[in-house]
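# Structural overview
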Amino acid sequence: MMTATSPSKFSILVAAALVCTGAMGAAAAQAMPDSENGRYVLSPVADGVIRLDTRTGDVSTCTNTGTGWACYAVPDERAALDAEIGRLQADNEKLKAQMAAREPVVTGKIDEPLPKSDSLKKPDSKVAEGERKIEIPLPSDRDMDRVMSFLEQAWRRLVEMANRMQRDVTGKI
């Protein structure tokens with residue numbers, strides 16, 4: 001039983017327990033970053049934790065560097081993509097406005113559709129003869145002589161080549 005003279009032992013034991021509890025609390029505080037009253041959601045990963053800010057939506061990676069926890073913001077690729085999409089949409093609208101401001105440069109274009117014609121109906125022969133007169137000039141005698149000369153030379157070369165191949169095969173070289 002304890003006496004009035006032993007409260008110092010009891011107070012030392014309580015103080016030691018408080019110091020141990022405080023040290024464990026500090027170690028626990030050092031073990032994981034603070035979640036600040038539920039504002040952050042922490043998920044463990046191999047190198048530390050991922051921290052999601054539930055108010056802003058920012059994501060950070062937190063690692064223990066030995067001197068304490070350090071959190072670095074993860075680059076937000078979605079924001080960059082949204083910015084690029086916005087820029088492209090603005091450029092598209094600008095180009096559409098420029099195209100609308102230009103005068104049409106196509107000549108001979110009409111807004112009304114052309115009347116349909118019967119494709120089986122034969123055109124008038126008088127109109128067809130007057131408008132579609134195609135003349136194909138016949139080759140001259142000189143042109144015919146040149147063609148015949150070319151064909152004769154090609155034939156001779158082909159026959160000579162066949163004779164050479166036959167001699168090569170029979171071994172009469």
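Residues numbered from 1 in each chain as written. Predicted model: local features only at pLDDT ≥ 70, side-chain atom pairs only at ≥ 80, totals over all residues. Heavy atoms only, no water.

What follows is about the sheet that holds strand S4 (residues 69-73). Taken in spatial order, the 4 strands of this open sheet run S1-S2-S3-S4, and their pairing is antiparallel. Strands at the two margins of the open sheet, each flanked by one partner only, are strand S1 (40-44) and S4. Neighbouring strand axes in the sheet, compared pairwise and without regard to direction, differ in orientation by 25° on average. Relative to S4, strand S3 (residues 59-64) is paired through 5 bridges, and the arrangement is antiparallel. Across the sheet, residue Asn64 finds its bridge partner in S4, namely Trp69. (Pairing = 2+ DSSP bridges. Helix = DSSP H or I, 4+ residues; strand = E, 2+ residues; numbered from the N terminus. Axes fitted to C-alpha atoms, helices over the stretch in contact; angles between N-to-C directions.)

If you walk through the whole model with that rule in mind, you get 3 salt bridges. Across the pair Arg39 and Asp53 runs a salt bridge whose closest N-O atoms are separated by 2.8 Å. Remark: Asp53 occurs in strand S2 (residues 49-53) and Arg39 occurs in the loop between helix H1 (7-31) and S1; sequence separation between them is 14 residues. With a shortest N-O distance of 2.9 Å, Asp91 and Arg87 are connected by a salt bridge. Of the two residues, Asp91 and Arg87 are both situated in helix H2 (residues 77-101); the distance of 4 residues between them amounts to about one turn of the helix. Its relative accessible area of 31% is what places Asp91 among the partly exposed residues. With a relative accessible area of 40%, Arg87 lands in the partly exposed category. Through salt bridges with shared partners, one network takes in Glu84, Arg87 and Asp91. (Salt bridge = Lys/Arg side-chain N within 4 Å of Asp/Glu carboxyl O. Buried < 20%, exposed > 50% of the residue type's maximum accessible area, 1.4 Å probe, protein only.)

This part takes up helix H4 (residues 141-170). Taking 1.5 Å of rise per residue, the 30 residues of H4 would be expected to cover 44 Å, and the 44 Å separating its terminal C-alpha atoms lies within 8% of that figure. Following H4 by one or two positions, Gly171 has its phi on the positive side, about 85°. (Expected span 1.5 Å × (residues − 1).)

Confidence in the prediction of the chain, expressed as mean pLDDT, is 75, and 64% of residues score 70 or more. Of all secondary-structure elements in the chain, the lowest mean pLDDT belongs to H1, at 45, while H4 reaches the highest, 94. Segment residues 1-7 is flagged for pLDDT under 50; beyond a separation of four residues in sequence, or across chains, it makes 1 contact in the model. Every residue in residues 9-30 scores below 50 in pLDDT, and together they form 5 contacts with partners more than four places removed in sequence or on other chains. (pLDDT = per-residue confidence, 0-100. Contact = heavy atoms within 4.5 Å.)

One pass over the full model with this rule turns up 1 disulfide. Shown here is the disulfide that connects Cys62 with Cys71, its sulfur atoms set 2.0 Å apart. Residues Cys62 and Cys71 share a disulfide whose torsion about the S-S bond is about 110°; that sign makes it right-handed. In this structure Cys71 comes out as partly exposed when scored by relative accessible area, which is 30%. (Disulfide = S-S within 2.5 Å.)

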